[in-house]
Amino acid sequence: MEEIIVTGGYPLTGSVGVLGAKNAALKQMVAMLLAPGTHLLGNVPGILDVALMGRVLEHIGAVCSFAGNELTVEVPDELRPEAPLDLVRQMRASIVVLGPLLARGGVARVAFPGGDDLGARPIDMHLDGLRRMGAEFELEHGVLIARAPGGLKGAEVSLEFPSVGATENVLLGAVLANGETTLHNAAREPEIEDLVAFLVKMGARIRGAGTSLITVEGVEALKPGAHTVLPDRLEAGTYAVAAAITGGEVRVEQCVPDHLRMELRKLTEAGCMVDFGEDWFSVLGPDRPSPVDFATLPFPGFHTDMQPQMVALLSVASGTSVITENIYDARFRYAGELMRMGADITTEWQHAVIRGVEKLSGCPVIAPDIRAGASLVLAGLRAEGQTAVGEVHHIDRGYEDFVGRLQSLGGHLERRPVGAAS
Ligand code: UD1
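What you are looking at is a predicted structure, and each value in this text was computed from that prediction instead of being measured.

A. Highlighting helix α8 (residues 233–246). Between its first and last C-alpha atoms α8 spans 20 Å; for 14 residues at 1.5 Å apiece the expected length is 20 Å, and the two agree. With 14 of its 14 residues buried, α8 lies for the most part within the structure. With its phi angle positive at about 65°, G247 sits one or two positions after the end of α8.

B. Local environment of the site of the ligand. Around the ligand, the surrounding shell holds 18 residues, and the nearest of these are D124, M125, S163, D305 and I327. Residue K27 places a side-chain N or O atom 2.7 Å away from an oxygen atom belonging to the ligand. Residue P122 places a main-chain N or O atom 3.2 Å away from a nitrogen atom belonging to the ligand. If the ligand stood free it would expose 740 Å²; the protein chains cover 85% of that surface.

C. A look at the sheet that holds strand β1 (residues 2–7). Read from one edge to the other, the open sheet built from 4 strands follows the order β22-β23-β1-β24, with strand pairing classed as mixed. Taken across any chain shown, the strands that pair with only one partner, and hence form the sheet edges, are β22 (364–366) and β24 (412–417). Between one strand and the next, the sheet's axes are offset by a mean angle of 25°, whatever the strand orientation. Strand direction decides the pairing type here: β1 and strand β23 (residues 386–390), joined by 4 bridges, are antiparallel. By the bridge assignment for β23, I5 is matched with A388. Packing of helix α12 (residues 370–382) onto the sheet brings it into contact with β1, β22, β23 and β24, and relative to β1 it is tilted by some 30°.

D. Highlighting the environment of A330. Counting through the fold element by element, A330 comes out in the loop between β19 (320–324) and α11 (335–340). Overall, the relative accessible area of 13% leaves A330 in the buried class. Along the backbone, A330 and G54 are 276 residues apart, and their C-alpha atoms lie at a distance of 29 Å. Apart from residues lying up to four places away in sequence, A330 is in contact with D117, L118 and G119.

E. Inspection of the side chain of T238 at higher detail. Along the polypeptide, T238 turns up in helix α8. Not counting chain neighbours up to four residues away, the residues in contact with T238 comprise M306, Q309, A374, L378, Y399 and F402.

F. Broad picture of the side chain of H394. Here H394 shows up in helix α13 (residues 393–396). When neighbours within four sequence positions are excluded, H394 is seen to be in contact with D117, A367, P368, D369 and I370.

G. Molecular detail of the nonpolar core. Of all hydrophobic cores here, the largest spans 79 residues; its most connected members are L98 and L199. Among all residues touching L199, those that are not within four sequence positions of it are A31, L34, L172, V175, A204 and I206. Grouped together as the second largest cluster of nonpolar side chains are 68 residues, I4, L12, F302 and L406 included.

H. Quick look at the sheet that holds strand β20 (residues 344–348). Read across the open sheet, the 4 strands follow the order β18-β19-β21-β20; overall the sheet is mixed. Lying at the two open borders of the sheet, with one neighbouring strand each, are β18 (294–295) and β20. Relative to the sheet, helix α10 (residues 307–314) contacts β18, β19, β20 and β21 (351–355), its axis offset from that of β19 by approximately 170°.

I. Geometry of unusual backbone geometry. Note the cis peptide between F299 and P300, where omega equals 10°. Examined against the element boundaries, P300 turns out to sit in the loop between β18 and α10. If you check the backbone angles, N69 has positive phi at about 65° while not being a glycine. Unusually for a residue other than glycine, H141 sits at a positive phi of about 50°.

Basis of the calculations
Residues numbered from 1 in each chain as written. Predicted model: local features only at pLDDT ≥ 70, side-chain atom pairs only at ≥ 80, totals over all residues. Heavy atoms only, no water. Helix = DSSP H or I, 4+ residues; strand = E, 2+ residues; numbered from the N terminus. Expected span 1.5 Å × (residues − 1). Buried < 20%, exposed > 50% of the residue type's maximum accessible area, 1.4 Å probe, protein only. Near = heavy atom within 4 Å. Polar contact = N/O pair within 3.5 Å; in protein donor to acceptor, adjacent residues only side chain to side chain. Areas by Shrake-Rupley, 256 points an atom, 1.4 Å probe, with all protein chains shown as cover. Pairing = 2+ DSSP bridges. Axes fitted to C-alpha atoms, helices over the stretch in contact; angles between N-to-C directions. Contact = heavy atoms within 4.5 Å. Core = buried A, V, L, I, M, F, W, Y, C linked by side-chain atoms within 4.5 Å.

Given below as structure tokens:
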């Protein structure tokens, strides 16, 4: 068990490059199951979730090797179509194996994912979409048994909400289905566009990625793919807030500022000076941020996965901010940890009222999930004295060498075994 010890009060300066997007890489790894042979993925972040998805693929029969942010995956002809509970529990994204396993062999056994720190997180839309394509589901002893006796067939699918995971599951089933699938109210996230770019390289026929109407013409077979994962907008956004909260100046490189349009706009409203080019942006933080209201929404709205970092920033604002969380029903659970550091936050159902305080004061806190963990480290960079962030494996799920990168920007922090003397 390790913790991150942060000493606050040092503005971050310099430049940092971001790696490939976690939420794109994970789904592209699953997409590989659609075609036997050797697949290659570049710009893959060295994070825990990629290792976990590698274990899911290996359980199914693939062989993965990872070196220098390149991932090679050999997919066999015959798959073992299952994802066990210990892996699904650790990473809910494993549920997207349903589509490709059904498409390849007409059967899948996947442990039913429970809720997590962000709320109940049902998968009804995933199942509904695949059902329309001919799949049948039964829940036996906590395992979802999926069958498509006559193979998956093209269908009209209309999502109740533009769910990222449901869009991906339907897409991954539809590419090898018999006939055409039209997906209405599809998620428009850049990670979906990148998944489609990879699938097209594998021979899939897809139109409309990045819009809410995606059309897939099923093909008989796909070939192995090679692709470079798009930059991680959440990693980029986290470094943007790190600059903002410390009153520093950071240039974030190898990223797509256009994918963070709303988040950068809110940072500007908070008093940051933001400049950008095609694949970089820079943030100059104010001495004290101004209060800002925002609501999380599907892309191109404010990303829910940037909400905790922004709340850390607004906790030291010169006034009161009101945040509405529209994606998850329990995403403010981390607020109590920020309050231990002196933040003044009231949460009620999907709203949080953040009354900015003049200073935070360092203390031991626990990272409850990936982004809240990052936000507590950012709060520690601003706080007086030392903050010890525990349960750092959550941060490792989404950030490669988070501590090293913040150190390279002048942050005073280190990682050490829990309880070790400094
Ligand atoms: C993905 C991202 C996650 C991000 C989220 C929203 C990955 C690995 N994770 O998660 O980081 O926060 O998109 O941008 O890519 N829902 C249902 N029924 C369903 C499916 C979803 O009710 O069948 C609900 C969920 O509980 C949640 C909301 O819809 O409240 C959004 O979920 P979704 O867009 O599916 O997110 P994920 O794909 O799980």
